[in-house]
Amino acid sequence: MGIAVEAEDLRRTYRSRTGWARARRTEVDAVRGISFSIERGELFGLLGPNGAGKTTTIKMLNTLLIPTSGRARVCGYDVVADTREVRRRIGYVFGGDRGLYDRLSGLDNLRYFAELYGVPPREQKRRIGELLDLVRLTGRERERVEGYSRGMRQRLHIARGLLHRPEVLFLDEPSIGVDPVAARELRGAVADLAAAGTTVLLTTHYMAEADELCDRIAVIADGAIQALGTPAELRARAAGRVGTREPTLEDAYVAIVQPS
Amino acid sequence: MIAVGALLHAKHLSRSPLEIAISLVVPVVQATLAVYLLRSGGAGDRLLDAAVGAGMMGVWSSVLFGSGAAIQNQRWQGTLEMIMLAPRRPALVLVPITLATALTGTYAILATLLWGRLLYGIRLDFAHPVAFAVVAPACILSLGLFGLLLAATFVLLRNANALANTLEYPVWLVSGMLVPITVLPGWTGPLAAALPTTWAARALREATGGGPVWPSAALCVGIGLTCAVLGAFALTYVERRARASATLALA
Ligand SMILES: Nc1ncnc2c1ncn2[C@@H]1O[C@H](COP(=O)(O)OP(=O)(O)O)[C@@H](O)[C@H]1O
Ligand SMILES: [Mg+2]
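Keep in mind it's a predicted model, so treat the numbers as computed, not measured.

Q: I would appreciate a short explanation of the overall build of chain B in the present structure.
A: When its secondary structure is counted, chain B shows 11 helices and zero strands. Written out in order from the N terminus, the α and β elements of chain B read α-α-α-α-α-α-α-α-α-α-α. For 251 residues, the compact-globule formula gives about 18 Å, and the C-alpha radius of gyration of chain B, at 18 Å, lands near that figure. If one aligns the C-alpha atoms of chain B with their principal axes, the spans along those axes are about 60 × 35 × 35 Å. Across the 251 residues in chain B, those meeting the buried criterion constitute 52%. Here the contacts in chain B between residues at least 6 apart in sequence split such that 79% fall between residues at least 24 apart.

Q: I tried to follow the packing of helix α3 (residues 106-116) of chain A against helix α4 (residues 121-134) of chain A on my own but got confused; where do I start?
A: Helix-helix packing is characterised by the crossing angle of the two axes and by the distance between the axes. Residues and elements named next belong to chain A. Packing of α3 against α4 brings their axes to within 11 Å, and their N-to-C directions diverge by 130°. Accordingly, the angle class assigned to the pair α3 and α4 is oblique. The handedness of the crossing between α3 and α4 comes out as right-handed. Contacts between α3 and α4 involve Leu107, Leu110, Arg111, Ala114 and Glu115 on the former and, on the latter, Gln124, Ile128 and Leu132. Within the contact of α3 with α4, the residues separate by chemical class into five nonpolar, one polar and two charged.

Q: Help me out: how do you make sense of the site of ligand 1 in this one?
A: Taken together, 12 residues form the shell around ligand 1, and within it A:Gly51, A:Gly53, A:Lys54, A:Thr55 and A:Thr56 come nearest. Among the chains of the assembly, those with residues near ligand 1 are chains A and B. In the model, an oxygen atom of ligand 1 is placed 2.7 Å from a nitrogen or oxygen of the A:Gly51 main chain. Between ligand 1 and A:Lys54 there is a distance of 2.8 Å, counted from an oxygen atom to a backbone nitrogen or oxygen. Mapped by element, the contributors of at least two residues to the shell around ligand 1 are β2 (24-39) and α1 (54-61) of chain A.

Q: I tried to follow the packing of helix α10 (residues 196-209) of chain B against helix α11 (residues 214-245) of chain B on my own but got confused; where do I start?
A: Residue and element names in this part refer to chain B. Contact pair α10 / α11: the axes reach a minimum separation of 8 Å and the direction vectors enclose 155°. As far as their axial angle goes, α11 and α10 are roughly antiparallel. You can see that α10 and α11 cross each other, and the crossing is left-handed. Residues Pro196, Trp199, Ala200, Arg202, Ala203 and Glu206 of α10 form the contact with α11, whose own contacting residues are Ser216, Ala217, Leu219, Cys220 and Ile223. Here the residues of the contact of α10 with α11 sort into eight nonpolar, one polar and two charged.

Q: What am I meant to see in the side chain of A:Arg160 here?
A: In this structure, A:Arg160 sits in helix α5 (residues 150-162). Among buried Asp, Glu, Lys and Arg side chains, A:Arg160 stands out as unpaired, with B:Glu81 the closest opposite charge at 9.0 Å. Polar contacts involving the side chain of A:Arg160 include one to the side chain of A:His157, which spans 2.7 Å. Apart from residues lying up to four places away in sequence, A:Arg160 is in contact with A:Gly99, A:Leu100, A:Leu110, A:Phe113 and B:Met82.

Q: Explain the state of the cysteines to me, please; I cannot follow it from the model alone.
A: Disulfides are covalent bonds that link the sulfur atoms of two cysteine residues. One pass over the structure, following the stated rule, counts zero disulfides over all chains. Cysteine A:Cys214 shares no disulfide, and the gap to the nearest cysteine sulfur, in A:Cys75, comes to 19 Å. A:Cys214 gets classed as buried once you look at its relative accessible area, which sits at 6%. B:Cys227 takes part in no disulfide bond, and the closest cysteine sulfur, belonging to B:Cys220, lies 9.5 Å away.

Q: What should I look at first to understand the interface of chain A and chain B in this one?
A: Put simply, an interface is often sized by how much accessible area is lost when its parts join up. Opposite the 35 residues of chain A that make contact, chain B presents 36 residues. Between chain A and chain B, a total of about 3300 Å² is buried, with carbon and sulfur atoms accounting for 56% of that surface. In this assembly, chain A and chain B are joined by three salt bridges. With a shortest N-O distance of 2.9 Å, B:Glu239 and A:Arg87 are connected by a salt bridge. Between chain A and chain B we count 19 residue pairs in polar contact (both at pLDDT 80 or more) in total. Within the residue set of the side of chain A that touches chain B, elements represented by two or more residues are β1 (3-18), α2 (83-89), β6 (90-94) and α3 of chain A. Ranked by residues supplied to the side of chain A that touches chain B, first place goes to α3(A) with six residues. In terms of residue class, the side of chain A that touches chain B is made up of 15 nonpolar, six polar and 14 charged.

The rules behind each value
- Residues numbered from 1 in each chain as written.
- Chains lettered and ligands numbered in written order.
- Predicted model: local features only at pLDDT ≥ 70, side-chain atom pairs only at ≥ 80, totals over all residues.
- Heavy atoms only, no water.
- Helix = DSSP H or I, 4+ residues; strand = E, 2+ residues; numbered from the N terminus.
- Rg over C-alpha atoms; globule rule 2.2 N^0.38 Å.
- Buried < 20%, exposed > 50% of the residue type's maximum accessible area, 1.4 Å probe, protein only.
- Contact = heavy atoms within 4.5 Å.
- Axes fitted to C-alpha atoms, helices over the stretch in contact; angles between N-to-C directions.
- Parallel < 35°, antiparallel > 145°, perpendicular 65-115°, else oblique.
- Left-handed = near helix turned anticlockwise from the far one by under 90°.
- Nonpolar A, V, L, I, M, F, W, Y, C, P; charged D, E, K, R; others polar.
- Near = heavy atom within 4 Å.
- Polar contact = N/O pair within 3.5 Å; in protein donor to acceptor, adjacent residues only side chain to side chain.
- Lys, Arg positive; Asp, Glu negative; His and termini not counted.
- Salt bridge = Lys/Arg side-chain N within 4 Å of Asp/Glu carboxyl O.
- Disulfide = S-S within 2.5 Å.
- Buried area = accessible area lost by both parts, 1.4 Å probe.

Okay, structure coming up:
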């Protein structure tokens, strides 16, 4: 199988200047030494409270942030030294409705990113058509994105992230603000991608989603991994803490991030 | 990629309500300004020159504000991370945007000529119409390349907006878009010679009023390309620095 994503003691400190007249330097240690590896074709979940360092970890892996220290490789390429090789092989989708050209149509957005990613012109039309079908935007693609609902924008984001058939897909809270029906379809699409061999790194706040989708899960808090295992292994950790009923992933999660 | 990107960015820019409002009003003002400046100077026969010069001012403003703020605008839209994530050199990712700002500026030339014709009856008698048709797009694209250098330097400077505001009029003047360079103080000469806007204005003036056209146009394109190369180096540095300091996203 082989390793798709490898993180070795990744750390990231944000330094920022606050205050205007009297500049004060503040430092935030967002990620404090995270190591894990993801097999090719694996669907790996990253769970943790807000501010735990999930987005920072993803951005170090997808080349948007340079780690303060530590190393990471994606598909065997170093994220700092071989940035372009990494970028060719990855897709990145984040939750929320920003990051699109609002005054362009969905189709124009996809055409633009297909060009940026060097999808050959002859293939573009077919690829964009396939993806519009996948995210169920066929028929709406000529409307401007500013008129799209939140769910539609999110689906357009996903189509955009898949244009160049990435080997590794980073999904940062893709289901945030998406209605339950759309969220279920989204889970179906992610599961299909993983079944077809795409490696997926997913963050989410929905425990049921993580439990259903993920092969393995890392729970992080305060910038460090607190637990790592299959959903069943994590659930087993909470056994005995919830009386006689079967512990859920949520029970396990709470036990990990809020040890009593 | 560059062509498709530039056209799509131009489409996006031209749909901004602010942009539309500005581009409706400004050319009329510029045509009027040009006509009155020259009428009071008693140079009624140079009206076409003046209209073209005024149009160039529009292109310059569009490049200065559009390209200078290109990176910041993309950051605000949340699209900066997404486009920088493409497996391309940063300069290749940004050049369609700066070219698009020049393209939308082209509209200023056309509109100024149109209003000049409608309101003031300026006769559109170009000395070298064919040369004008070739040189105008070439100069406009060169200004777009110059925009790449602006885009890179402006993100490195903290007070980029103030700088953009202070640069607008001096460059109009120094480049001789409205008044001939010969009436300006001598020290502006070398400065003017280094600006692609000067040669663009001169090439267009020669195409409308008569003159050798091609040497000025070639210089304009040459300076534009040089700026693009410098801008590309600067952008590579900017991109790396932004990834280290976490400024690609809006924090
Ligand atoms: N650009 C930034 N500058 C300064 N601090 C930041 C920046 N981005 C994130 N942080 C801080 O780093 C920590 C981790 O953030 P993040 O990785 O976004 O967490 P998560 O995605 O798990 O919610 C938080 O304390 C957050 O405030
Ligand atoms: Mg986050």
